[in-house]
Amino acid sequence: MQHDERVAYALMAVSPALFASNVLVARAVADTLPPVALALGRWGIAALLLLPLAAKPLWRARRAVRRELFDLFVLGVLGMVICGAVVYIGAQTTTATNIGLIYAASPVFMIVLARVFYGETMSAVQSLGVALSLAGVVTIIARGDPGVLLGLTFTVGDLYILGCSFSWAVYTVWLQHRPSALAATPRFTAITIAGVAALVPLLFVEAAMTGAPRLDAFTLGTMLFLAIVPGIGAYQTYAFVQRRLGTSRTSLLMYLIPIYNAGLAWVLLGETLRPYHFIGTAMVLPGIWLATRRGRP
């Protein structure tokens, strides 16, 4: 196994924690910060932080940027608008249980899209790992009681989150398989700028409906954290893992996010861990090991 591949496997344990921090912060500020303003602040700050590293490479590759403008804009809408502002909107009218269940479908979407459009294959053992991981996530979400799944009710927020889950799958597969002349950081910076441009008109609509967001130390601190940790950190880490391991194997780290959410909520919010958390974890981790094994398709 090459060094970069070993690093990628190690980062599979880190990336879910970065993504999970976004959910925890979003829950904490749902009643105080409007969703589009929060997403725009997050990605606007991220773009400003990235520009010192990416400005010169982007200028040198300006012809490539013009050629790839459509791809950059689509990725910006998928990753920063839908998987940014729309997630925050959906979280206002649905439960954390439903969000976890719906987002658990994201790796399945990724694997299907990668197989159908780009011919990525998985062995029988890897497919078993996917199924085992999904079963573990469902066990956690259902709190060990199948009756919980039967009793779920769905709201408009659930439809938003379903769209976000599918959008993340499309973003991931598109990012992996669409050709680009840009290096990783300049490309991500360009995607972020495109996402910010798409969010600006939505901010005016939101401000007209709910009023302008307050700009104080708490708001700016929240946006800065979201820009650095679940923004630049999570997306860049995910992209690195994806480049080394491919879409299908990388998608499995999404199964770890509900586990990280539960652990962080226990540490930071005082929520109680139950036996089903440990049972689900005992299914997810071996499932990921099986799903990331190399084998004959």
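Use the structure listed above.
Quick caveat: nothing in here was measured; it's all calculated off a predicted structure.

Asks: It is not clear to me how the overall build of the chain should be interpreted in this structure. Could you clarify?
Replies: From N to C terminus, the chain includes 15 helices and zero strands. Relative to its full complement of 297 residues, the chain shows a buried share of 51%. Residue pairs in contact within the chain that sit at least 24 positions apart in sequence constitute 91% of those at least 6 positions apart. Carbon and sulfur atoms make up 69% of the accessible area of the chain, which totals about 14,100 Å².

Asks: I'm lost on the nonpolar core in this one. Help?
Replies: One recurring pattern in soluble globular proteins is that nonpolar side chains are buried together. Of all hydrophobic cores here, the largest spans 73 residues; its most connected members are W43, W168, Y171, L199, Y235 and M254. With residues up to four places along the chain from it excluded, the contact list for W43 reads M80, F188, T192, V196, L199, G231 and Y235.

Asks: So what exactly am I meant to see when it comes to the packing of helix α5 (residues 69–90) against helix α10 (residues 156–177) here?
Replies: Helix-helix packing: each pair is described by the crossing angle between the helix axes and the interaxial distance. Taken N-terminus to C-terminus, the directions of α5 and α10 make an angle of 150 degrees; their axes are 9 Å apart at the nearest point. For the element pair α5 / α10, the angle class is roughly antiparallel. The handedness of the crossing between α5 and α10 comes out as left-handed. Touching F70, D71, V74, L75, L78, G79, I82, C83, V86, V87, I89 and G90 of α5 are G157, Y160, I161, G163, C164, S167, W168, V170, Y171, W174 and L175, all from α10. When grouped by side-chain class, the residues that make up the contact of α5 with α10 number 17 nonpolar, five polar and one charged.

Asks: Explain the pattern of salt bridges here, please?
Replies: Pairs may arise between side chains of opposite charge once their charged atoms sit close together. Counting across every chain of the model gives three salt bridges. Across the salt bridge formed by D4 and R244, the nearest N and O atoms sit 3.3 Å from each other. On the criterion of sequence distance, the pair formed by D4 in helix α1 (residues 3–11) and R244 in helix α12 (residues 217–245) is long-range, its members being 240 residues apart. For D4, a relative accessible area of 33% gives the class partly exposed. A salt bridge links D216 to R214; the shortest N-O distance between them is 2.5 Å. A residue is classified by how much of its surface remains accessible, and D216, at 27% relative accessible area, is partly exposed. In this structure R214 comes out as partly exposed when scored by relative accessible area, which is 39%.

Asks: Quick question: what am I supposed to make of the side chain of D71 here?
Replies: Within the fold, D71 resides in helix α5. You can call D71 buried: its relative accessible area is 8%. There is a polar contact of 3.0 Å between the side chain of D71 and the side chain of R178. Here D71 is in contact with W174 and R178, once residues within four sequence places are set aside.

Asks: Looking at this structure, I do not really get α5. What am I missing?
Replies: Each turn of an α-helix holds 3.6 residues, which means side chains three or four residues apart point in the same direction. Along α5, the sharpest change in direction is near 30 degrees and occurs at V81. Of all 22 residues making up α5, 16 are buried, and the element is well covered by its neighbours.

Asks: Before we go on, may I ask you to explain the environment of L175 in this structure?
Replies: Tracing the sequence through the fold places L175 in helix α10. Taking the C-alpha atoms as reference, L175 lies 8.9 Å from D71; in sequence the two are 104 residues apart. The residues contacting L175, other than those within four sequence positions of it, are L75, R187, I191, A239 and Q242.

Asks: Whenever I open this one, a positive patch on the surface confuses me. Can you help?
Replies: Positive charge collects at one region of the surface, where R62, R63, R66 and R67 lie side by side. As for its placement among the helices and strands, R67 is situated in helix α4 (residues 62–67).

Asks: Got a minute to help me understand the side chain of T189 in this structure?
Replies: Mapped onto the secondary structure, T189 falls in helix α11 (residues 184–210). Beyond its immediate stretch of four places on either side in the chain, T189 contacts L50, L51, A54 and L58.

Asks: What should I look at first to understand the packing of aromatic side chains in this one?
Replies: A ring pair, where both rings are aromatic, is described by two values, the distance of the centres and the angle of the planes. Within the structure shown, the criterion is met by 12 aromatic pairs. Where W168 meets Y171, the ring centres are 5.2 Å apart and the plane angle is 15 degrees; that geometry is what we call stacked. Separated by three residues within a single helix, W168 and Y171 lie in helix α10, roughly one turn from each other. For W168, a relative accessible area of 3% corresponds to the buried category.

What counts, and at which threshold
- Residues numbered from 1 in each chain as written.
- Predicted model: local features only at pLDDT ≥ 70, side-chain atom pairs only at ≥ 80, totals over all residues.
- Heavy atoms only, no water.
- Helix = DSSP H or I, 4+ residues; strand = E, 2+ residues; numbered from the N terminus.
- Buried < 20%, exposed > 50% of the residue type's maximum accessible area, 1.4 Å probe, protein only.
- Contact = heavy atoms within 4.5 Å.
- Areas by Shrake-Rupley, 256 points an atom, 1.4 Å probe, with all protein chains shown as cover.
- Core = buried A, V, L, I, M, F, W, Y, C linked by side-chain atoms within 4.5 Å.
- Axes fitted to C-alpha atoms, helices over the stretch in contact; angles between N-to-C directions.
- Parallel < 35°, antiparallel > 145°, perpendicular 65-115°, else oblique.
- Left-handed = near helix turned anticlockwise from the far one by under 90°.
- Nonpolar A, V, L, I, M, F, W, Y, C, P; charged D, E, K, R; others polar.
- Salt bridge = Lys/Arg side-chain N within 4 Å of Asp/Glu carboxyl O.
- Polar contact = N/O pair within 3.5 Å; in protein donor to acceptor, adjacent residues only side chain to side chain.
- Bend = angle between axes of the 7 residues up to and from the residue.
- Patch = residues over 30% accessible without salt bridge, like charges linked within 9 Å, V, L, I, M, F, W, Y side chains within 5 Å.
- Lys, Arg positive; Asp, Glu negative; His and termini not counted.
- Charge placed at Lys NZ, Arg CZ, Asp CG, Glu CD.
- Phe/Tyr/Trp six-rings, centres within 6.5 Å; stacked < 30°, edge-to-face > 60°.

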